[in-house]
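# Examination of the molecular architecture
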Amino acid sequence: MDHAAEARLTDLMTITRFVLNEQSKYPEARGDLTILLSHIVLGCKFVCSTVNKAGLAKLLGLAGETNVQGEEQKKLDVLSNDVFIKALISSGRTNILVSEELDEAIFVEPSKRGRYCVVFDPLDGSSNIDCGVSIGTIFGIYMLKEGSAGTLNDVLQPGRNMIAAGYCMYGSSCTLVLSTGSGVNGFTLDPSLGEFILTHPDIKIPKRGKIYSVNEGNAKNWDEPTRKYIENCKFPKDGSSSKSLRYIGSMVADVHRTLLYGGIFMYPADKKSPNGKLRLLYEVFPMSFLLEKAGGQAFTGKDMALDIVPTNIHQRSPIFLGSYDDIEEIKVLYAAEVAKV
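Below is a short write-up of the structure.

Scoring rules and cut-offs
- Residues numbered from 1 in each chain as written.
- Predicted model: local features only at pLDDT ≥ 70, side-chain atom pairs only at ≥ 80, totals over all residues.
- Heavy atoms only, no water.
- Helix = DSSP H or I, 4+ residues; strand = E, 2+ residues; numbered from the N terminus.
- Rg over C-alpha atoms; globule rule 2.2 N^0.38 Å.
- Buried < 20%, exposed > 50% of the residue type's maximum accessible area, 1.4 Å probe, protein only.
- Contact = heavy atoms within 4.5 Å.
- Pairing = 2+ DSSP bridges.
- Axes fitted to C-alpha atoms, helices over the stretch in contact; angles between N-to-C directions.
- Core = buried A, V, L, I, M, F, W, Y, C linked by side-chain atoms within 4.5 Å.
- Parallel < 35°, antiparallel > 145°, perpendicular 65-115°, else oblique.
- Left-handed = near helix turned anticlockwise from the far one by under 90°.
- 1 Å grid on protein atoms, 1.4 Å probe; cavity = no way out; pocket = protein on both sides within 12 Å on 5 of 7 lines; lining within 4 Å.
- Points joined across faces, edges and corners; volume = space filled by probe spheres on them.
- Nonpolar A, V, L, I, M, F, W, Y, C, P; charged D, E, K, R; others polar.
- Salt bridge = Lys/Arg side-chain N within 4 Å of Asp/Glu carboxyl O.

### What to know about the overall build of the chain
Counting its secondary structure elements, the chain contains 8 helices and 17 strands. In terms of C-alpha radius of gyration, the chain reaches 20 Å, essentially the compact-globule figure of 20 Å for 341 residues. Buried positions account for 52% of the 341 residues belonging to the chain. For the chain, the share of sequence-separated contacts (at least 6 apart) that also reach a separation of at least 24 residues comes to 63%.

### Overview of the sheet that holds strand β4 (residues 106-107)
Across the sheet, 8 strands lie side by side as β4-β3-β5-β6-β7-β8-β9-β10; this open sheet has mixed pairing. The sheet is open, and its two edges are formed by β4 and β10 (195-200), each paired on a single side. Inspection of the sheet shows strand β5 (residues 116-124) paired to strand β6 (residues 135-143) by 7 bridges, in the antiparallel sense. For aspartate 124, the partnering residue across the bridge sits in β6 and is glycine 136. Lying over the sheet, helix α4 (residues 75-90) contacts β3 (94-99), β4, β5, β6 and β7 (164-170), oriented at roughly 160° with respect to β5.

### Some points on unusual backbone geometry
Of note in the backbone geometry, aspartate 202 takes a positive phi value of approximately 45° without being a glycine. Mapped onto the fold, aspartate 202 is located in the loop between β10 and β11 (211-213). By relative accessible area, which is 45% here, aspartate 202 ends up partly exposed.

### Re the sheet that holds strand β12 (residues 244-245)
Across the sheet, 5 strands lie side by side as β12-β11-β13-β17-β15; this open sheet has mixed pairing. Single-partner strands in this sheet number two, and they are β12 and β15 (297-299). Relative to strand β17 (residues 319-322), strand β13 (residues 264-267) runs antiparallel, the two being bridged by 4 bridges. Bridge pairing in β17 places tyrosine 267 opposite isoleucine 319. Across the sheet, helix α6 (residues 251-261) is in contact with β11, β13 and β17; its angle to β13 comes to roughly 150°.

### Some points on the nonpolar core
Formed by 43 residues in total, the largest nonpolar core has its most connected members in Met287 and Ile319. When contributions to this core are tallied by element, the ones reaching two or more residues are β3, β5, β6, β7, α6, β13, α7 (280-293) and β17. Top element by residues in this core is α7. It accounts for 9 residues. Sequence-distant contacts of methionine 287, that is, excluding residues within four places in its chain, are made with Ile138, Tyr167, Met251, Val252, Val255 and Leu321.

### So, α6
For α6, the buried fraction is high: 9 of the 11 residues fall into the buried class. Looking only at α6, the buried set comprises Met251, Val252, Ala253, Asp254, Val255, His256, Arg257, Thr258 and Leu259. A positive phi of about 85° marks glycine 262, the residue just after α6.

### Points about the packing of α6 against α7
For the pair α6 and α7, interaxial distance at closest approach is 11 Å and the crossing angle is 15°. Judged by the inter-axis angle, α6 sits roughly parallel to α7. The handedness of the crossing between α6 and α7 is right-handed. Of the residues in α7, those touching α6 at Met251, Val252, Val255 and Leu259 are Glu283, Met287 and Leu291.

### Comments concerning empty space enclosed by the protein
Considering all chains together, one arrives at 1 cavity of 30 Å³ or more under this definition. Here the largest cavity is characterised by a volume of approximately 40 Å³. Lining the largest cavity are Phe18, Glu22, Leu178, Ser179, Thr180, Ser182, Gly183 and Asn185. Only α2 (15-24) and β8 (174-179) provide two or more residues apiece to the lining of the largest cavity. When the residues that make up the lining of the largest cavity are grouped by side-chain class, the tally is 2 nonpolar, 5 polar and 1 charged.

### Quick notes on the pattern of salt bridges
A side chain of one charge can pair with a side chain of the opposite charge when the charged atoms of the two come close. All told, the structure shown has 18 salt bridges when counted by the stated rule. Of the charged contacts in the structure, one is a salt bridge between lysine 243 and aspartate 326, with a shortest N-O distance of 3.0 Å. Here lysine 243 is found in the loop between α5 (224-234) and β12, whereas its partner aspartate 326 is found in helix α8 (residues 324-340), with 83 residues between them in sequence. Lysine 243 sits in the buried class, given a relative accessible area of 15%. Close ionic contact of arginine 279 with glutamate 283 constitutes a salt bridge, the shortest N to O distance being 3.3 Å. We note that arginine 279, like glutamate 283, is buried. Via salt bridges that share partners, Arg30, Asp32, Arg93 and Arg115 belong to a single interconnected network.

Nothing here speaks to function; it is all geometry.
This is how it looks when you write it as structure tokens:
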């Protein structure tokens, strides 16, 4: 019998054990972040279970309401939003919550207040629910500014100030990818145990990838640097192989593939959406945080994504994120465009 293999099968690194191990590296830690993350994990498990039986429970289809982005809300969107709000408030560690589904930020009542602000998209890619494509939850965590009792300025911080970020993808398996500031780790839900198990330790994005991911249906509205970059992906001038196009249309799924295989995911500004389409606070920032911690980059066409100071909780932004060298290429093209002016 292979005792080493047996030991690996029984000595499981659950997400709870992993986070507690991380906490032990900081003697001054009080465990508040650990408690908050455990409530986020619980919310992810609940949504995963609900997504898996959504067809049976008649949760597919529209709820008949429209969210702040003008998108029709699916029933699962509404339910997921409720689940995460209740899970986050009940942790007793949150102060301000910002959700894609709500017009205004939620300020937690004083008796349940903590020192963390959580920004989240409870169910990203929900337009894909009815056809079974992977969807997910995206979240980022800030700490209140020194001496603050909790104001909107505590969430209107650059993404670089986040202390943790992650996403949970509900697909062929339920995968949670998390960074608490040092490295990126992936966990897969074992349904038989009801636990997330460490399956992708210390994820590093390849320095250069062979895949580009973009909605080419918007090509006629792109600016010159984006157009040139895509042209070079298809017809490289240096004799190298063309990149492959992969676009799912669900940000969590597209970014997850980019993180593991390398390449570039982009949703650029265009004539139709001059400020970009994706939301800065709870889509662009958490994903950019993860990509940078895994050795990649995130760029908006003007600035490094994590350096932007938001002015509005639902602010939109263009985004190019992925492998370090691939993002360097797009940065060179935008710099050349600026130099022309």
